[in-house]
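Listed below are the residues making up each chain.
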Amino acid sequence: AALARWLVLLAGSLLHLVGELPVLSLVNHWAGALISLAKTAVILVLLVNLLSLIPHLSSLLSQSLLASEVLRLSPHLLDFTSTLLLRLGEGSPGI
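Residues numbered from 1 in each chain as written. Predicted model: local features only at pLDDT ≥ 70, side-chain atom pairs only at ≥ 80, totals over all residues. Heavy atoms only, no water.

1. What about the packing of helix H2 (residues 22-51) against helix H4 (residues 65-73)?
Defined as follows: Working convention: axes come from line fits to C-alpha atoms, limited for helices to the stretch in contact. Angles between N-to-C directions cover 0 to 180 degrees. Helix and strand assignments come from DSSP, with helices taken as H or I runs of at least 4 residues and strands as E runs of at least 2, each series counted from the N terminus. Angle categories: roughly parallel below 35 degrees, roughly antiparallel above 145, roughly perpendicular from 65 to 115, and oblique for all the rest. Only heavy atoms matter for contacts: two residues are in contact if any of them lie within 4.5 Å across the pair. Residue classes follow a fixed rule: Ala, Val, Leu, Ile, Met, Phe, Trp, Tyr, Cys and Pro count as nonpolar, while Asp, Glu, Lys and Arg count as charged, and any other residue, Gly among them, counts as polar.
Remark: H2 packs on H4, axes separated minimally by 10 Å, with the N-to-C direction vectors making an angle of 90 degrees. Taken together, the axes of H2 and H4 are roughly perpendicular relative to one another. Between H2 and H4, the residues in contact are Leu44, Val45, Val48 and Asn49 and Leu66, Ala67, Val70 and Leu71, respectively. In terms of residue class, the contact of H2 with H4 is built from 7 nonpolar, 1 polar and no charged.

Structure, rendered in structure tokens:
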């Protein structure tokens, strides 16, 4: 057990040193930035599609160039979201 623990600590230390190499560090930072950008885009698309289902907000979103483009590029998501919400609403009494 002590040998296994020592090997894990050694491997962790070596990986930490390799991760600090200038090229890998730069790649790691850029990859993190790209992943964050992709996550933000997914959240934006989902949020715009959900907000477009609310009548008053739908008219406001149509005035936004960004929201209009998001809705134009993701029509299937809007259809899926509205169908899903309708099905959820049918199964919930009192809503």
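2. Points about the pattern of salt bridges
Side chains that differ in charge, positive against negative, can pair when their charged atoms come close. What counts, and what does not: Here, a salt bridge means any side-chain nitrogen of Lys or Arg that lies within 4 Å of a carboxyl oxygen of Asp or Glu.
In this structure the tally under the stated criterion is 1 salt bridge. Taking the shortest distance from any N to any O, the salt bridge between Glu69 and Arg72 comes out at 2.8 Å. Here the residue Glu69 and the residue Arg72 both occupy positions in helix H4, the gap between them amounting to 3 residues, near one helical turn.

3. Observations concerning the packing of H2 against helix H5 (residues 75-90)
Let me state the cut-off plainly: Here a crossing is taken to be left-handed if its near helix is turned anticlockwise relative to the far helix by less than a right angle, and right-handed if that turn runs clockwise.
Here H2 crosses H5 at 55 degrees, and the two axes come no closer than 10 Å. On the basis of the axis angle, H2 is oblique to H5. Note on packing geometry: the crossing formed by H2 with H5 is right-handed. Across the interface between the two elements, Val45, Leu46, Asn49 and Leu50 of H2 pack against Leu77, Leu78, Thr81 and Leu85 of H5.

4. Focus: the environment of Leu61
Structurally, Leu61 can be placed in helix H3 (residues 55-61). For the pair Leu61 and Asn49, spaced 12 residues apart in the sequence, the C-alpha separation amounts to 9.8 Å. Excluding residues that lie within four positions of it along the chain, Leu61 makes contacts with Val48, Leu51, Ser52, Ala67 and Ser68.

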